[in-house]
Amino acid sequence: MAANETLPGSSATRETGPIPGNLRVALTGADGAVHRLERTPLTIGRRDSDINIAHSTVSVRHAIIERTTDGFVLLDRASTNGTFVNGKRVTAKLLENLDEVRFGSAVFSFSLLDTRYDVGEGALSLLDTAPESTLLLGGPPTVDELS
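Worth saying up front: this structure is predicted, and the values here are computed from it rather than measured. (Residues numbered from 1 in each chain as written. Predicted model: local features only at pLDDT ≥ 70, side-chain atom pairs only at ≥ 80, totals over all residues. Heavy atoms only, no water.)

What to know about the overall build of the protein chain
When you go through the protein chain residue by residue, the secondary structure sums to two helices and 14 strands. Burial analysis of the protein chain (147 residues in total) assigns 42% to the buried set. Residue pairs in contact within the protein chain that sit at least 24 positions apart in sequence constitute 45% of those at least 6 positions apart. When the accessible surface of the protein chain is split by element, carbon and sulfur atoms take 50% of a total near 7900 Å². (Helix = DSSP H or I, 4+ residues; strand = E, 2+ residues; numbered from the N terminus. Buried < 20%, exposed > 50% of the residue type's maximum accessible area, 1.4 Å probe, protein only. Contact = heavy atoms within 4.5 Å. Areas by Shrake-Rupley, 256 points an atom, 1.4 Å probe, with all protein chains shown as cover.)

Given below as structure tokens:
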């Protein structure tokens, strides 16, 4: 999708570059490892991607996340095993906070917080504790792992 191009069936246009400082955006693996999204577009695949997922059900070029005027859109890149949001196979989907996203059989949670609003004490701590490039598969972190 080129800059200023609209998404099919939408009036949203693509926005590239760094994510505004007030937004905290992340994909969290099933093991709780967090990968923060710092800029878009962001590619997801088995190798040679911004987020590499070493899983046999993930295509080499599986999906992409674009920032648009409507929010963050997940686009499947004709992957073999599909891209799913909240259990439904998608080709393009506007993501919402806490959506379950699956690439093949690799499961993640999408997080979106806007720090301009009161989100409660400690709400940003999970997004701020993980190393910038961490991405693993497994279960959610325990309280001990976050301290």
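So much for the structure itself; the text now carries on.
Quick look at the side chain of Thr83
Relative to the helices and strands, Thr83 resides in strand S10 (residues 83-85). Polar contacts involving the side chain of Thr83 include one to the side chain of Asp76, which spans 2.5 Å. In contact with Thr83, other than residues within four places in its own chain, are His62, Ala63, Leu74, Asp76, Lys88, Arg89, Val90, Arg102 and Phe103. (Polar contact = N/O pair within 3.5 Å; in protein donor to acceptor, adjacent residues only side chain to side chain.)

Side note on the pairing of strand S9 (residues 71-76)
With six of its six residues buried, S9 lies for the most part within the structure. In this structure, the hairpin formed by strand S8 (residues 63-68) and S9 is closed by a connection of two residues. Sheet analysis places S9 next to strand S12 (residues 92-94), joined by three bridges and oriented antiparallel. Residue pairing for S12: Leu74 is matched across the bridge by Lys93. (Pairing = 2+ DSSP bridges.)

Considerations on the nonpolar core
Counting residues in hydrophobic clusters, the biggest one holds 21 residues, and the most contacted among them are Leu27, Ile44, Ile53, Ile65, Leu74 and Phe103. At the level of elements, strand S3 (23-29), strand S6 (42-45), S8, S9, strand S13 (100-103) and strand S14 (106-114) are the ones that each hand at least two residues to this core. Looking at this core, the element that brings in the most residues is S14, giving three residues. Beyond its immediate chain neighbours, meaning those up to four positions away, Phe103 contacts Leu27, Ile44, Ile53, Thr57, Val58, His62, Ala63, Leu74, Gly82, Thr83 and Phe108. (Core = buried A, V, L, I, M, F, W, Y, C linked by side-chain atoms within 4.5 Å.)

Notes on the sheet that holds S14
A sheet is described by the order of its strands in space; here six strands give the open sequence S4-S3-S14-S13-S10-S11, paired in antiparallel fashion. In the strand order of this sheet, the two ends are held by strand S4 (34-36) and strand S11 (88-90), each with one partner. Averaged over all neighbouring strand pairs, the angle between strand axes comes to 30°, with direction disregarded. (Axes fitted to C-alpha atoms, helices over the stretch in contact; angles between N-to-C directions.)

Thoughts on the confidence of the model for the protein chain
Detailed reading of the predicted coordinates is not advisable wherever pLDDT falls low. Residues of the protein chain with pLDDT of at least 70 account for 71%, and the chain-wide mean is 78. A low-confidence stretch, residues 123-147 stays under pLDDT 50, and its non-local contacts, those more than four residues away or across chains, total 54 contacts. (pLDDT = per-residue confidence, 0-100.)

With respect to unusual backbone geometry
Note that the residue after Thr40, namely Pro41, is joined by a cis bond; omega there is 5°. Its identity is not glycine, yet Asp48 carries a phi of approximately 55°, on the positive side. In this structure Asp48 comes out as exposed when scored by relative accessible area, which is 74%.

Points about the packing of aromatic side chains
All chains considered together, the criterion is met by two aromatic pairs. Residues Phe72 and Phe110 carry aromatic rings whose centres are separated by 6.1 Å and whose planes lie at 55° to one another, so their mutual orientation is tilted. Of this pair, Phe72 sits in strand S9 while Phe110 sits in strand S14, placing them 38 residues apart in sequence. This pair shows no difference in class: Phe72 is buried, exactly as Phe110 is. Measuring from centroid to centroid gives 5.7 Å for Phe103 and Phe108, while their planes differ by 55°, and the two rings are tilted. Since its relative accessible area comes to 0%, Phe103 is described here as buried. We note Arg102 situated over the ring of Phe84; from NZ or CZ to the ring centre the distance is 3.9 Å. (Phe/Tyr/Trp six-rings, centres within 6.5 Å; stacked < 30°, edge-to-face > 60°. Lys NZ or Arg CZ within 6 Å of the ring centre and 35° of its normal.)

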